[in-house]
Amino acid sequence: MTSVLRIEGGHPLNGTITVRGAKNFVPKAMVASLLGDSPSQLDNVPLIRDVDVVSDLLRLHGVTVEFDQKRGRMSLDPTNVKVASRSDIDSLGGSSRIPILFCGPLLHQLGEAFIPELGGCAIGGRPIDFHLDTLRKFGAVVDKRSDGIHITRPAEGLRGAIIDLPFPSVGATEQTLLTAVRAEGITILRGAAVEPEIMDLINVLQKMGAIISVDTDRTIRIEGVDRLVGYTHVALPDRIEAASWAAAALATRGDIYVLGAHQPDMTTFLNTFRKVGGAFDIDAEGIRFYHPGGELHAIALETGVHPGFMTDWQQPLVVALTQARGLSIVHETVYEKRFGFTEALNQMGAQIQVYRECLGGSECRFGQRNFYHSAVVSGPTPLHGADIVVPDLRGGFSHLIAALAAEGTSTVAGIDVIARGYEHFTTKLGQLDARVAYAAD
Ligand code: UD1
């Protein structure tokens, strides 16, 4: 398989596809299995590269991972967990950000952990200071060396802590949960992220024997326990993938029934989708997203932590906004560099201008700094085909949507990146009657 897709655009996407478990949840639930002293079983697991990477990392640490891909069922047996070789960990490090979440479980089980160079999308600095500060608060010793970060558990074990996050970071909240559940005593986490994927991780940990309560003011209280057991769980569906297909339906004037899409996790997206002029029907199996005809409307949009408008929904929706009448304003407050993908859209005929200022309402922590984190989208602008190289996961999917909406033929190179988070996306494009084919590199 080559990584270049040739797309003949200008045709509506119509049909039915299925989304399975969330990319931002499944790898974390897999890591949680390390904390149990008996096997776990996870259902609704998608075939995406982040799942492969975490499976390989778990296997390096002695976990037996079996994946029935067709059924989406994974079993994870951590009873023979062991220290992995650093060079082996390193060989997997650059492909995902999940390795950092192994720290707490490994410190409890083995007394040591190692963080290799991390991967993930280049959409900002993506520091790990919150993670390291959190681990230190539990008493872990963090030693930054030239080959990576070595972390060890003190002789007396990890102790519960009071942690105040400077920003409701998803990863740092998960780091705290995965460490606190087996630390001695009580942990209070203030300023926590409360994304649905985090709530589902809490569901998993509770099944394992953890004691966790979530307050309405972003405070999470965890009472450490001595022992956790394996879990059986069905992963919540991927609300980012569902929203991406919704944006594709809108931008191509199509009609996509997304089986598995779950309304309660998408309330904010659905409100925005409706304000832009999109229509949807919700039933027990999923959500049908469609362009009801007529014009789309420009909007002012600000991304934020849950329950706000998710940053990962922003890039796909911006493509639809290029087809809306008027000026849309988009203020990105979670990542400082998430508008790089707009260059390719402009090359295809869009009119998107990016600004350093906080446009459209509140001041964010990126204001008055050199980050182009606001955008003004002027529409509607017809899009035309172009040769594009995929920049990152969500930006890449946006480019796919733009190419599908554009008149003429596009080539989209580097589409392998999209497989990190979108299961069987080329097959799904086929199910939606998209005119796509692999091209030679
Ligand atoms: C997760 C999601 C990603 C989503 C993001 C925000 C996964 C695998 N990825 O990423 O899809 O876009 O949440 O919803 O679940 N930060 C620091 N220091 C830290 C950690 C984070 O400054 O130690 C900053 C980041 O640079 C960013 C912000 O906090 O500006 C939010 O990051 P965070 O919520 O931690 O994102 P991830 O967990 O990496």
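First, a word on scope: everything that follows refers to the structure included in this document. (Residues numbered from 1 in each chain as written. Predicted model: local features only at pLDDT ≥ 70, side-chain atom pairs only at ≥ 80, totals over all residues. Heavy atoms only, no water.)

## Some thoughts on the nonpolar core
- Core analysis: the biggest nonpolar cluster contains 75 residues, and F25, I151 and L205 have the highest contact counts within it.
- Of the residues forming this core, the biggest block, 6 residues, is contributed by helix α7 (residues 196–208).
- L205 has contacts with A32, L35, L177, L178, V181, A210 and I212, leaving out every residue within four places of it along the chain.
- Judged by nonpolar contacts, the second largest core, of 69 residues, contains V276, F339, F397 and Y422. (Core = buried A, V, L, I, M, F, W, Y, C linked by side-chain atoms within 4.5 Å. Buried < 20%, exposed > 50% of the residue type's maximum accessible area, 1.4 Å probe, protein only. Helix = DSSP H or I, 4+ residues; strand = E, 2+ residues; numbered from the N terminus. Contact = heavy atoms within 4.5 Å.)

## A word on the environment of L429
- As for its placement among the helices and strands, L429 is situated in helix α13 (residues 425–431).
- Taking the C-alpha atoms as reference points, L429 and I149, separated by 280 residues in sequence, lie 41 Å from one another.
- With residues up to four places along the chain from it excluded, the contact list for L429 reads L5, W245, L400, L404, A434 and V436.

## Side note on the sheet that holds strand β5 (residues 73–77)
- Taken in spatial order, the 4 strands line up as β4-β5-β3-β13 in an open sheet, and their pairing is mixed. The open sheet has two edge strands with one neighbour each: β4 (64–68) and β13 (232–234). Each strand of the sheet is rotated relative to its neighbour by a mean of 15°, with strand direction disregarded.
- Here strand β3 (residues 40–43) pairs with β13 via 3 bridges, running parallel. Following the sheet pairing, Q41 is matched in β13 by T232.
- Each of β4 and β5 touches helix α2 (residues 49–60); the most contacted strand, β4, lies at about 150° to it. (Pairing = 2+ DSSP bridges. Axes fitted to C-alpha atoms, helices over the stretch in contact; angles between N-to-C directions.)

## Describing the pattern of salt bridges
- The tally for this structure, following the rule as stated, stands at 20 salt bridges.
- Notably, a salt bridge pairs D56 with R59, separated by 3.4 Å at the nearest N-O pair. Residue D56 and its partner R59 are located together in helix α2, separated by 3 residues, close to a single helical turn.
- Under the relative-accessibility criterion, D56 is labelled partly exposed at 32%.
- Taking relative accessible area as the criterion, R59 reaches 39% and is therefore assigned partly exposed.
- For D255, the salt bridge goes to R288, with nearest N and O atoms at 2.7 Å. You can see D255 sitting in strand β14 (residues 255–259) and its partner R288 sitting in strand β16 (residues 286–290), a full 33 residues away along the chain.
- Given a relative accessible area of 24%, D255 falls into the partly exposed group.
- Classification of R288 as partly exposed rests on a relative accessible area of 29%.
- What you see here is one network of salt bridges that share partners, running through D255, D281 and R288. (Salt bridge = Lys/Arg side-chain N within 4 Å of Asp/Glu carboxyl O.)

## Describing the sheet that holds strand β8 (residues 148–152)
- In spatial order, the strands read β6-β8-β7; together these 3 strands make up an open sheet with antiparallel pairing. Each edge of the open sheet carries a strand with a single partner, namely β6 (112–115) and β7 (141–145). Taken pair by pair, the neighbouring strands of this sheet meet at an average axis angle of 20°, ignoring direction.
- Note that β6 and β8 share 4 bridges and pair antiparallel. Across the sheet, F114 pairs through a bridge with H150, a residue of β8.
- Its contacts with the sheet place helix α4 (residues 103–110) against β6 and β8, and it is angled at close to 150° to β6.

Nothing here speaks to function; it is geometry throughout.
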